[in-house]
Every structure is written in C-alpha cells, then in structure tokens.
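# Breakdown of the fold
Spelled out from the first residue to the last, the chains are:
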Amino acid sequence: PVAEPVLGDMERALLLDAFDSGWISAGGTYNKKLEEDFSSYCDMAYGSTVSNGTVALHLAVRALDLVSGDEVIVPNFNGIYGAYALLYEGVTPVPVDAEYGTWNIDTQLIEEKITPKTKAIMVVHLYGHPCNMNPILELAKKYNLYIIEDAAEAHGAEYNGRKAGSFGDVSTFSFFSNKIITSGEGGIVLTNDAEIYKKVEYFKNQCFHLDGPRNFIHEDIGYNYRLTNLQSAIAYAQFLQIDKLVDARITINKKYREMLQDIEGISFQDEREYAKNVFWMTGIIIDSKKAGFTRNQLEDHLARNNIQTRRLFVGMDRQPVLKKYDYFFEDSFPVSDILADNGLYLPTSSLLTDSNINRITETIKELI
C-alpha cells in the first residue's frame, strides 16, 4: 500500500475511552485536547477541529470574508482542494507555477499576478517541504493580503525553525488516512485571530450562535463541518507520537535515496537550507532519456509486482472542472507539466520496513 496508517495500542485505548464516555459525536474531551495541544505545537493561539482538510480550507475562505469577484493566488501545481474551497464561494484562483526543486509555488512569480482584486495568497507546503515564506510574507505585507496556509501534508515541517502552520492568518491541516497524523478523515483550522476563530466555530456548526441559546434561529448559511470525538481520540493518540511518526518518514526518504542514488534519471524533492522537510511522501521524478524508462512504465511495472504508487498532482491549468466553470488560464506552466507528467510517489507509510524498501527499490532496478 502506498500509505498504510500507523494504528496501535494507544489509538485503540483512546478510541475506547471516547466510546465509553458516550461523547461519540462533536464535543467531548478529545476534540478539546486536540485543538489545544495541536495549536500550541504549531505556536498558534486557537484551533478548531473539522471533518476534513478541504472543509478546513473552505472555512478559511469564509472566515476571511472572501466573496465572488475576489482573487486568490494559488500554486498551479497542487491538488484541486484549495481551488475547490475558493470555487465554493465564487472566488477566482490565480495560479502560479512551481519551482522545480521544492515543487512549491515559485515566489519570484507571485507579484506579477497581484491585482487590485487580489485578497490573499494560498501557500501549500507540498509533500512535506515548507514554502519559502519570507518573500511571501513580504508581499502580503506590501499589498495588505491575507495568507491562507495549507499545511495538510506538512505536520511537523519547519521553515527557519518555525513550524509549518504558524505563518497563516488562517492555517489548515488534514488528518486523512494517508497523512502523518490521521483520524481516517478529519482536519483542523488554526489562527492567532480571535475573530477569525469565532467565525470558523460559527460556520462549522450550522451557524448556531456561539454564546446564545440554541433556539434554532439562523442568520447565515452554515455547514456541518464538525469532527467527532471518536475521530479526535484517534488523531490525539497520533499527535502524542508525532515526533516518532515524522522521524520515520524522514528515515524512509533517506533510505530510498541511498538505495536509488546510482540510478541515473531518478531525482527527488529538494530539501532547502531553510527547511525541515518531513517527506510526507517520497516522490520521484523520472527523466526517461537518462533512466531508459518512463514514469508510466515504472508505474505499470511496480503495479504488476503488487507495489502501489500514486502520480504527482496535475496543474490547475489542466483541470477540466475549472474550464467547465469558465476559468481559463492563458499562461504556460512548464514546471507543473514536468512534475505532473514525470512524477510519482512511492509507498511511504511510517510502518515501512527496510525489507519493504529493499524490495521496492530492487523492483525499480529491474527496469534498467
């Protein structure tokens, strides 16, 4: 499997404790523990658990009062999820190409995309490598823009010693089953702004008044984006082991690099001097001219040997859904194209053993 979850005795114990408490839906002690301790870990004042990472991004858009006609800078090379969050509110995503080494948004290309309609920059720490935040922070200050920080893949990652998730006006994480910390489905929204936090809490809970009686009077369109106490118990058990889970991902990436270093035409994601890359997934790029095989051939070969892989993301400019809703991008995105057409990631569960990695790398070598 490409991302088998790590579930053990602690997860089982806390899940049963939540079950026995009777608090099986929202509320309960584990939601509160997760919110308080995870936000503190990221050096943020407030945390609000939610049902998944995509709705975390949607709540970020709602809490910042972004509306139809506004524009938000986004990485072109990314999953569709951030764009979805904007499209739910009619906000226009403005894509910027990636830099080749880190695969993150190219900070040198952002400023030329800023217009009077631009309200925010959405940064995404892709595959565990934090974005180069200083230039982004400077642009946000210069143009009075919000920063929406998507750290779904970057639990424990750091930029100049500062945790991913600590830079945004609103920051979001995912606890999906393939993430470093998981609750099956789930996520969390972080912020240092008390008013933004109150809006997230308000909108995620059907727009019931936060401090008033539950009299079933609603003044805004709300959502049921709550996380259950059962799921939070699992995620909290994972959080208590975060250093071990992160270290395992880093060690796995190191071993892959060592075992594949002699194969010409296979390259890995960079780790820049400012970054602690947690390598959520070990991704590779195949240069077919040097390697002698294509990404698709490697993908098929591994599948025939019962080794699961996933391709890297496809650029926003190539997404049919955006074209369907009349978002057309005239620019070219050459780095996004290279990554999308030549990249995949290998099995990277924190459970992966040396013998697993050896079998995977030896199977890759069979194609040479």
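Refer to the preceding data block for the structure.
Sequence order as written defines the numbering, with residues in each chain counted from 1. Per-residue local features of the predicted model are confined to residues with pLDDT of at least 70, and side-chain atom pairs are confined, for both listing and counting, to 80 or more; whole-chain, interface and lining totals are unaffected and use all residues. Computation of side-chain values covers all heavy atoms of the structure but excludes hydrogens and water.

## Notes on the sheet that holds strand S12 (residues 282–286)
As a reminder, the rule being used: Paired strands, in this sense, are two strands between which DSSP finds at least two bridges. In this description a helix means any DSSP run of H or I spanning at least four residues, a strand means any run of E spanning at least two, and both kinds are numbered starting from the N terminus. A contact between two residues is defined here by any heavy atoms of the two lying within 4.5 Å. Every axis in this analysis is a line fitted to C-alpha atoms, fitted for helices over the stretch in contact. Angles between the N-to-C directions lie between 0 and 180 degrees.
A sheet is described by the order of its strands in space; here four strands give the open sequence S10-S12-S14-S13, paired in antiparallel fashion. Each edge of the open sheet carries a strand with a single partner, namely strand S10 (266–268) and strand S13 (310–311). Here S13 runs beside strand S14 (residues 343–346); their pairing, made up of two bridges, is antiparallel. The residue of S14 that forms the bridge with arginine 311 is leucine 344. In the packing of helix H8 (residues 242–260) onto the sheet, the strands contacted are S10, S12 and S14, and the crossing angle to S10 comes to about 155 degrees.

## As for helix H2 (residues 29–41)
What counts here: To estimate the expected span of a helix, count its residues, drop one, and scale the result by 1.5 Å. Accessibility here uses a 1.4 Å probe with only protein chains present; expressed as a share of the type maximum, an area under 20% marks a residue as buried, one over 50% as exposed, and anything in between as partly exposed. Think of the arc as the fan of directions from the helix axis to the C-beta atoms.
For H2, spanning 13 residues, the distance from its first C-alpha to its last is 18 Å, which sits close to the expected 18 Å at 1.5 Å a residue. For H2, every residue scored as buried is listed here: Tyr30, Asn31, Leu34, Glu35, Phe38 and Ser39. Taken end-on, H2 shows its buried residues confined to a sector of 140 degrees, consistent with a single buried face. Where H2 is buried, its residues contact helix H1 (9–21), strand S1 (46–50), strand S8 (170–174), strand S9 (187–191), helix H6 (194–204) and helix H7 (229–239). Downstream of H2 by one or two residues, aspartate 43 has phi in the positive range, about 60 degrees.

## Remarks on the sheet that holds strand S11 (residues 275–276)
Strand order across the open sheet formed by three strands is S7-S6-S11, with antiparallel pairing between neighbours. Unpaired on one side and paired on the other, strand S7 (162–163) and S11 mark the two borders of the sheet. Here two bridges tie strand S6 (residues 158–159) to S11, and the two strands are oriented antiparallel to one another. Note that in S11 the partner of glutamate 158 across the bridge is lysine 276.

## Focus: empty space enclosed by the protein
So the rule is basically this: Lining residues are those with an atom within 4 Å of a point, where the points come from a 1 Å grid over the protein atoms alone and group into cavities, where a 1.4 Å probe fits but cannot get out, or pockets, open sets with protein on both sides within 12 Å along at least five of seven lines. Grid points are joined across faces, edges and corners, and a volume is the space filled by probe spheres set on the points. As a working rule, the residues Ala, Val, Leu, Ile, Met, Phe, Trp, Tyr, Cys and Pro are called nonpolar, Asp, Glu, Lys and Arg charged, and the rest polar, with Gly in that last group.
Scanning the model with the defined rule gives one cavity of 30 Å³ or more in all. The wall of the largest cavity is formed by 13 residues, among which Pro5, Val6, Lys179, Ile180 and Arg249 lie closest to the centre. In terms of residue class, the lining of the largest cavity is built from five nonpolar, five polar and three charged.

## A short note on the layout of surface pockets
For the largest pocket, the calculated volume is near 420 Å³. Thr54, Tyr81, Ser174, Phe176 and Lys179 are, among the 25 residues lining the largest pocket, the residues nearest its centre. Only helix H3 (53–63), S8 and S13 provide two or more residues apiece to the lining of the largest pocket. Counted by class, the lining of the largest pocket contains ten nonpolar, nine polar and six charged residues. Size it by volume and the second largest pocket reaches roughly 250 Å³. Every residue lining the second largest pocket is counted, 13 residues in all, and those nearest its centre are Ala26, Gly27, Glu35, Glu201 and Lys204. At three residues, H2 tops the list of elements feeding residues into the lining of the second largest pocket.

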